[in-house]
Amino acid sequence: MIGLNRNVVKKIDRARLSALYTEKGEDGETRLRKPKRQARYLGADTFKLYGGHRYATVVIDLKTGHVL
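Residues numbered from 1 in each chain as written. Predicted model: local features only at pLDDT ≥ 70, side-chain atom pairs only at ≥ 80, totals over all residues. Heavy atoms only, no water.

Asker: With reference to specific residues and values, describe the overall build of the protein.
Answerer: A tally of regular secondary structure across the protein gives one helix and four strands. When the helices and strands of the protein are listed from N to C terminus, the series reads α-β-β-β-β. On C-alpha atoms alone, the protein measures out to a radius of gyration of 15 Å, which is more than a quarter above the 11 Å that the 2.2 N^0.38 rule sets for 68 residues. Taking the principal axes of the C-alpha coordinates as reference, the protein spans close to 40 × 30 × 25 Å. Burial status across the protein gives 4% buried among its 68 residues. Considering only intrachain contacts with a sequence separation of at least 6, the fraction spanning at least 24 residues in the protein is 12%. Accessible surface, the protein: about 6700 Å² in total, of which carbon and sulfur atoms supply 55%. If you average the places of the 15 positive and of the 7 negative side-chain charges in the protein, the two averages end up 7 Å apart. (Helix = DSSP H or I, 4+ residues; strand = E, 2+ residues; numbered from the N terminus. Rg over C-alpha atoms; globule rule 2.2 N^0.38 Å. Buried < 20%, exposed > 50% of the residue type's maximum accessible area, 1.4 Å probe, protein only. Contact = heavy atoms within 4.5 Å. Areas by Shrake-Rupley, 256 points an atom, 1.4 Å probe, with all protein chains shown as cover. Lys, Arg positive; Asp, Glu negative; His and termini not counted. Charge placed at Lys NZ, Arg CZ, Asp CG, Glu CD.)

Here it is as structure tokens:
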């Protein structure tokens, strides 16, 4: 719609998600950031990828909206 290649949009989104949910460990490896508190209410959704031959599941904290 705006003329960007889908790979550019994918890289932008990956960088955004990485900044929100990952951090560098003491050994220099990238790790998922631990949540500040335990989730009380969970939501899960499974959806198709690539024409229905592959599936993905996402689990979120319903109160905060954070992806777990």
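And the narrative resumes.
Asker: Go over the pairing of strand 3 (residues 42-49) with me, naming the residues and quoting the values.
Answerer: Across eight bridges, strand 3 lies against strand 4 (residues 54-61) in antiparallel orientation. When the bridges of strand 4 are listed, Leu49 appears paired with Arg54. Between the antiparallel neighbours strand 3 and strand 4 lie four residues, among them Tyr50 with a positive phi of about 55 degrees. (Pairing = 2+ DSSP bridges.)

Asker: Give me the lowdown on the side chain of Asp61, citing residues and values where you can.
Answerer: In this structure, Asp61 sits in strand 4. Given a relative accessible area of 5%, Asp61 falls into the buried group. Separated by 3.1 Å, the side chain of Asp61 and the backbone nitrogen of Lys63 make a polar contact. Residues contacting Asp61, with those up to four places away along its chain left out, are Arg37, Ala39, Tyr41, His66 and Leu68. (Polar contact = N/O pair within 3.5 Å; in protein donor to acceptor, adjacent residues only side chain to side chain.)

Asker: Which residues make up the confidence of the model for the protein, and what values do they have?
Answerer: Looking at the protein, the pLDDT average stands at 88 and 99% of residues meet or exceed 70. Averaged pLDDT values over the elements of the protein bottom out at 89 in strand 2 (residues 30-32) and peak at 92 in strand 3. (pLDDT = per-residue confidence, 0-100.)

Asker: Summarise the pattern of salt bridges; cite the residues concerned and give the values.
Answerer: Taken as a whole and judged by the stated rule, the model has four salt bridges. The shortest N-O distance in the salt bridge between Asp13 and Arg16 comes to 2.9 Å. Here Arg16 and Asp13 lie together in helix 1 (residues 6-21), a separation of three residues that amounts to about one turn. Taking relative accessible area as the criterion, Asp13 reaches 34% and is therefore assigned partly exposed. Arg16 sits in the partly exposed class, given a relative accessible area of 46%. (Salt bridge = Lys/Arg side-chain N within 4 Å of Asp/Glu carboxyl O.)

Asker: Can you tell me about the environment of Thr64, naming the residues and giving the values?
Answerer: For Thr64, the location among the structural elements is in the segment after strand 4. Overall, Thr64 belongs to the partly exposed group, its relative accessible area being 37%. Separated by 23 residues in sequence, Thr64 and Tyr41 have C-alpha atoms that sit 9.4 Å apart. At a separation of 3.2 Å, a polar atom in the side chain of Thr64 contacts the side chain of Asp61. Polar side-chain contacts of Thr64 include one of 2.9 Å to the side chain of His66.

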